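Here's the letter readout for the chains.
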Amino acid sequence: MQESVLERITADKRPITEWIDDALGIVPRLYEHDPELSRRAERVLHGIASSAANLDCIRTDDRSAPMTDAPAEAILRYLFARWPETRKELSRVVAGRGR
């Protein structure tokens, strides 16, 4: 089975902060032809960043939440399971599709 683009970019062993910084850094270059898509990408990435930063708080209610220093792929897997719409929106943005 072929890996999707989303699976490939989220299978990252680096810290989530580095993953988000890199993703945010390429958004303007990738989507400079489509300002709305660029704004949606920034929104979803900032949402992921906010949720990842709050993992310590989330873990008080959900012990399955990964530690903040876990690899990006583990944090993203958890966030996408907890908030499936985030995964769907990131998938649409990566594919360059509308809502």
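**Q** Whenever I open this one, the environment of Lys-13 confuses me. Can you help?
**A** Take Lys-13: it is sitting in the loop between helix H1 (5-10) and helix H2 (16-30). When its relative accessible area of 62% is taken as the criterion, Lys-13 is described as exposed. Side-chain polar atoms of Lys-13 contact the side chain of Glu-73, separated by 2.2 Å.

**Q** Mind showing me how you'd approach the environment of Glu-32 here?
**A** Here Glu-32 lies in the loop between H2 and helix H3 (35-53). Linking Glu-32 and Glu-18, residues 14 residues apart in sequence, is a C-alpha distance of 22 Å.

**Q** Just checking my understanding: could you explain the pattern of salt bridges for this structure?
**A** Where side chains of opposite charge bring their charged atoms close, a pairing between them can arise. Counting across every chain of the model gives 10 salt bridges. The partner of Asp-12 in a salt bridge is Arg-14, and the shortest N-O contact between them spans 2.9 Å. Residue classification places Asp-12 among the buried positions, given a relative accessible area of 15%. A residue is classified by how much of its surface remains accessible, and Arg-14, at 27% relative accessible area, is partly exposed. In this structure, Asp-62 and Arg-82 form a salt bridge, with 3.5 Å as the shortest nitrogen-oxygen distance. Separated by 20 residues along the polypeptide, Asp-62 in the loop between helix H4 (55-61) and helix H5 (72-82) and Arg-82 in helix H5 bring together distant segments of the chain. Residue Arg-82 is classed as partly exposed on the basis of its relative accessible area, which comes to 36%. Salt bridges here are not isolated pairs; linked through shared partners, they connect Arg-40, Glu-85, Glu-89 and Arg-92.

So, how was this worked out
Residues numbered from 1 in each chain as written. Predicted model: local features only at pLDDT ≥ 70, side-chain atom pairs only at ≥ 80, totals over all residues. Heavy atoms only, no water. Helix = DSSP H or I, 4+ residues; strand = E, 2+ residues; numbered from the N terminus. Buried < 20%, exposed > 50% of the residue type's maximum accessible area, 1.4 Å probe, protein only. Polar contact = N/O pair within 3.5 Å; in protein donor to acceptor, adjacent residues only side chain to side chain. Salt bridge = Lys/Arg side-chain N within 4 Å of Asp/Glu carboxyl O.

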